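Geometric and topological summary
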Amino acid sequence: MKKKVLTALIALAALAAVLAACGDGEESFSGTDEHGREYGAVCALEADSPDGWFRVPAASHSESAMGKMMVDATRLDYLTVIKTGEEYSLIYHATSTDMNNVRLVFDGEEMAAQTEKSDSLENYRFDKLTYEQLSGEIAVRVYVATMMKRDTNFTLTLDLAQAVLVPEGTPAKEV
């Protein structure tokens, strides 16, 4: 009997530890913006949406499985999109310097980013984008500093329907 009780207590303690660890990476936001939208809520980002800061899930696509794996291992699974009037800014959050010098490519022309380091992230900010540029596949070129020592290309697709509203200036977090 004592053995069963002890086993049950250990199992409960292990479950509590796992649940506590899962909650550590989650961010919660409180409050609303000037349009009455709740921070932390999914707010589909559309061309006629009110201005705001959004965390938008992003899927990467590459011709090679290894390339996709490398891309996904060196970035957050979301990008930050800032809507201001008709203009948009996009922030790509790199978690490693293994793939750096991130550039967007539109109509064959590379767009360089402003870079800023925060915590363990390198943030690449691209300004003066349009809704149309964000709503399709976004061509990306990065420099692979390890192994290849050359540029590589991939695309990103933003899930604008699953954009999460965050307070202005919210820093990206690794979760």
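Residues numbered from 1 in each chain as written. Predicted model: local features only at pLDDT ≥ 70, side-chain atom pairs only at ≥ 80, totals over all residues. Heavy atoms only, no water.

1. Overview of the overall build of the chain
- Summing up its helical and strand segments, the chain has three helices and 10 strands in all.
- Walking the chain from its N terminus toward its C terminus, one meets helices and strands in the order α-β-α-β-β-β-β-β-β-α-β-β-β.
- Of the contacts made within the chain by residues no fewer than 6 positions apart, 63% connect residues no fewer than 24 positions apart.
- As displayed, the chain has an accessible area near 10300 Å², and 55% of this comes from carbon and sulfur atoms. (Helix = DSSP H or I, 4+ residues; strand = E, 2+ residues; numbered from the N terminus. Contact = heavy atoms within 4.5 Å. Areas by Shrake-Rupley, 256 points an atom, 1.4 Å probe, with all protein chains shown as cover.)

2. Description of the nonpolar core
- Leu90, Tyr92 and Leu158 are the most contacted members of the largest nonpolar core, which totals 33 residues.
- Dropping the residues within four chain positions of it, Leu158 is found in contact with Val56, Pro57, Ala58, Leu79, Val81, Leu90, Leu134 and Ile138. (Core = buried A, V, L, I, M, F, W, Y, C linked by side-chain atoms within 4.5 Å. Buried < 20%, exposed > 50% of the residue type's maximum accessible area, 1.4 Å probe, protein only.)

3. Side note on the confidence of the model for the chain
- When pLDDT is averaged along the chain, the result is 86; 85% of the residues meet or exceed 70.
- Confidence drops under a pLDDT of 50 for residues 3-25, and excluding neighbours within four residues, the segment shows one contact in the predicted structure. (pLDDT = per-residue confidence, 0-100.)

4. Concerning the packing of aromatic side chains
- The tally for this structure, following the rule as stated, stands at two aromatic pairs.
- Seen in terms of ring centroids, Tyr88 and Tyr131 are 6.0 Å apart; in terms of plane orientation they differ by 50°. Their pairing is tilted. Of this pair, Tyr88 sits in strand β3 (residues 87-94) while Tyr131 sits in helix α3 (residues 131-135), and the two are 43 residues apart along the sequence.
- Judged by its relative accessible area of 19%, Tyr131 falls in the buried class.
- Summarising the aromatic geometry, the rings of Tyr92 and Tyr124 are spaced 6.4 Å apart at their centres and angled 70° between planes, so their arrangement reads as edge-to-face. Taken together, the residues Tyr92 in strand β3 and Tyr124 in strand β7 (residues 121-129) connect sequence positions 32 residues apart.
- Under the relative-accessibility criterion, Tyr92 is labelled buried at 5%. (Phe/Tyr/Trp six-rings, centres within 6.5 Å; stacked < 30°, edge-to-face > 60°.)

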